[in-house]
Amino acid sequence: MPRYGMVIDTRKCVGCSDCVIACKTENNIPEGYNRDWIVTESKGKFPDIQMEIRTERCNHCSETPCVSCCPTGASHIHDVGGVVLVEHNKCIGCKACVEACPYDARFIHPDGYADKCTFCIHRVEKGQKPACVEVCPTYCMYFGDLDDPNSEVSKLLQSRKWHVTLKDAGTQPNIFYLV
Amino acid sequence: MNELLELTTTRNNPLIDPYMAMWEWQIPVYLFLGGMVAGMMIISGYFLFSGRYKESNCSCFSIPFISVVLLSLGMFALFLDLAHKPFVWRLYTTFQIKSPMSWGAWILILVYPALIANILMRPTPWMLKIYPKLSEWAGKINQHPFLIKNIGIANMILGMMLGAYTGVLLSSMGSRPLWNTSLLWVLFLVSGLSAAAAFVHLFAKNKAESELLAKADNGFLVIELFVFVMIFLGFLSSARPHMEAAQLLLTGAYAPVFWVFVIGLGIIIPLIIQLLAVNHKIRHTSIAPIMVIFGGLILRFVIVSAGQYSHWFNAHFH
């Protein structure tokens, strides 16, 4: 059984938002809403300033407060790849999962259900890459099976330094940022 | 020169950015009404259990009907909050053991029969007019003091569960540091009991009962202050996001409303007024109970709103 994850090379990401547009187009995301977005983090003391640009989305965590808090089971972990999904016709729109996510990665779709990144599971199950990974012009995004030691993502994590976001929130995110 | 720490995002999802405000007025109103009804169930349950119901003007006969009305109003507010309303029935096709909201949905299903059993003990004249057979049922229940005691126990237990769940609903969310304290259910339960004692005190006809409720309310208010101190001690000795969450209430954006309306006008001043009243220095008035009730309502608004505002944002800077 695979465990899907993403590796994003922050040294290559230029914040062009191509991934954002690809997601919106592929998944028909309504205007004003985003399943993925670009974050720019600057830190340091002049003249030693560091800047990191990265593309963010639902982390498809291994510990999932969004799934635990769901009163109807709409929010669930998919059989394939441990991807966190929402079953629209089970969701009552109580917003508990939106509140439970420390990354604020979910939103309420104008049609009423909780919505978020699906890792484009409809594409992945056909053997394709998620739309955002597919279109990235700098090839900074990698998608694959974290449990397979020979996968590209596993090899990158073995060979490069990386971090995850909000590590202290304790949800064990499955999106890794190469530094 | 100060160290630069800056995070910019292109995300601008409605009610999520720049800060979480997903749960609006409906949730605090529901949490308040649910908490107060929980307190009223515990009080009326205690009156049944302790035999106070034998006094003809015991407020335990009017509390359950008011509770049903208030709880239904609260649940309606909760329904209004749902974004996918046609699917609300999905709550009752499953039980999700890890979800406090699922627990709450099923607890509410149990709460109604307990309240109705309490109402059936002494139906009001208008109820008898609509359905005269109720007097027969009331007669049957009143023949069995043991049954009445058990209705009292059921009301107390379910009241405790309802009151506690309103706190657990929020405290189970590790994502919002201000909610993430295991004392939140104690705070909401005590605040619910305090608001309930104040509310029943407002219309209690029995003088001894009224005096008892004022005394009990003073106790609840003191415990509430103590719980606040414990919560803040916990936060201030915890990780940075929790310290910042506590500071939101203590010195930050929510400090004015917290200190003035929740602590000052909602707890300290009514406590002083009621202490003077129970010591017969001044007469009992409805001012203190009304202040306590409003304080309880504003407490829920502050906790829900500030809790959503509190975040792990600074932990972003790895």
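Scroll up for the structure.
If you're wondering where the values come from, they're calculated on a predicted model, not measured in any experiment.

**Student:** I'd like a rundown of the overall build of chain A, residues and numbers included.
**Tutor:** Each helix and strand counted, chain A has six helices and 10 strands in total. Relative to its length of 179 residues, chain A is compact, with a C-alpha radius of gyration of 16 Å against a globular reference of 16 Å. Relative to its full complement of 179 residues, chain A shows a buried share of 49%. Taking as baseline every contact in chain A between residues at least 6 positions apart, the subset at least 24 positions apart corresponds to 56%.

**Student:** Describe the pairing of strand E2 (residues 37-45) of chain A, and please don't skip the residues or the numbers.
**Tutor:** Residue and element names in this part refer to chain A. Pairing analysis gives nine bridges linking E2 to strand E3 (residues 48-56), with the strands arranged antiparallel. Along E3, the bridge assignment pairs Lys45 with Asp48. Here E2 folds back onto E3 in antiparallel fashion, the turn holding two residues.

**Student:** Could you give me a rundown of helix H6 (residues 145-171) of chain B, with the residues and numbers involved?
**Tutor:** With 27 residues, H6(B) should cover 39 Å at 1.5 Å per step; its first-to-last C-alpha distance of 39 Å lies within 8% of that length. Where H6(B) bends most, at B:Tyr165, the angle is about 25 degrees.

**Student:** Any chance you could break down the packing of H6(B) against helix H7 (residues 184-203) of chain B for me, citing the residues and the numbers?
**Tutor:** Residues and elements named next belong to chain B. Following both chains from N to C, one finds H6 and H7 inclined at 145 degrees, their axes separated by 7 Å at the closest point. Like other packed secondary-structure pairs, H6 and H7 cross with a definite hand, here right-handed. Here Gly163, Ala164, Thr166, Gly167, Val168, Leu170 and Ser171 of H6 lie close against H7, whose contacting residues are Leu184, Trp185, Leu187, Phe188, Leu189 and Gly192. Partitioned by chemical class, the residues of the contact of H6 with H7 number eight nonpolar, five polar and no charged.

**Student:** I'd like a rundown of the sheet that holds strand E10 (residues 175-178) of chain A, residues and numbers included.
**Tutor:** Residues and elements named next belong to chain A. As summarised here, the arrangement of the four strands in space is E8-E1-E10-E9, forming an open sheet in which the pairing is mixed. The open sheet is flanked by strand E8 (141-145) and strand E9 (162-163), the only strands paired with a single partner. Relative to E10, E9 is paired through two bridges, and the arrangement is antiparallel. When the sheet's bridge partners are listed, His163 is paired in E10 with Tyr177. Along the sheet face, helix H6 (residues 152-159) touches strand E1 (4-9), E8, E9 and E10 and points at about 110 degrees away from the line of E8.

**Student:** If you had to explain the sheet that holds E2(A) to someone new, which residues and values would you point to?
**Tutor:** Read from one edge of the open sheet, three strands run E3(A)-E2(A)-E1(B), paired in antiparallel fashion. Single-partner strands in this sheet number two, and they are E3 of chain A together with strand E1 (4-9) of chain B. In this sheet, neighbouring strand axes are inclined to one another by 10 degrees on average, regardless of whether the strands run parallel or antiparallel.

**Student:** Could you give an account of the interface of chain B and chain A, naming the residues involved and the relevant values?
**Tutor:** Many structure descriptions define interface size as the accessible area lost when the parts assemble. Each side of the interface is counted separately: chain B has 43 residues, and chain A has 48 residues. Of all the secondary structure elements, the ones that give two or more residues to the side of chain B that touches chain A are E1 and helix H3 (100-121) of chain B. In terms of residues, the side of chain B that touches chain A owes the most to one element, E1(B), which gives six residues. Classifying every residue of the side of chain B that touches chain A gives 22 nonpolar, 15 polar and six charged. The sheet contact formed by E2(A) and E1(B) spans six bridges and is antiparallel.

**Student:** So what's going on with unusual backbone geometry? Which residues, and what values?
**Tutor:** In this model, A:Phe46 is joined to A:Pro47 through a cis peptide bond whose omega is 10 degrees. Residue placement: A:Pro47 occurs in the loop between E2 and E3. Residue B:Pro18 is reached from B:Asp17 by a cis peptide bond, and omega for that bond is 5 degrees. Within the secondary structure, B:Pro18 sits in the loop between E1 and helix H1 (26-49).

**Student:** I'd love a proper account of the packing of helix H8 (residues 207-236) of chain B against helix H9 (residues 240-250) of chain B, names of residues and values included.
**Tutor:** Residue and element names in this part refer to chain B. H9 packs onto H8 with a crossing angle of 140 degrees between their chain directions and a minimal axis gap of 7 Å. Between H8 and H9, the angle falls in the class oblique. Along the contact surface, H8 presents Phe232, Phe235 and Leu236, while H9 presents His242, Met243, Ala245, Ala246 and Leu250. Within the contact of H8 with H9, the residues separate by chemical class into seven nonpolar, one polar and no charged.

What counts and how
- Residues numbered from 1 in each chain as written.
- Chains lettered and ligands numbered in written order.
- Predicted model: local features only at pLDDT ≥ 70, side-chain atom pairs only at ≥ 80, totals over all residues.
- Helix = DSSP H or I, 4+ residues; strand = E, 2+ residues; numbered from the N terminus.
- Rg over C-alpha atoms; globule rule 2.2 N^0.38 Å.
- Buried ≥ 20, exposed ≤ 12 C-beta atoms within 10 Å, placed from the backbone.
- Contact = placed C-beta atoms within 7 Å.
- Pairing = 2+ DSSP bridges.
- Expected span 1.5 Å × (residues − 1).
- Bend = angle between axes of the 7 residues up to and from the residue.
- Axes fitted to C-alpha atoms, helices over the stretch in contact; angles between N-to-C directions.
- Left-handed = near helix turned anticlockwise from the far one by under 90°.
- Nonpolar A, V, L, I, M, F, W, Y, C, P; charged D, E, K, R; others polar.
- Parallel < 35°, antiparallel > 145°, perpendicular 65-115°, else oblique.

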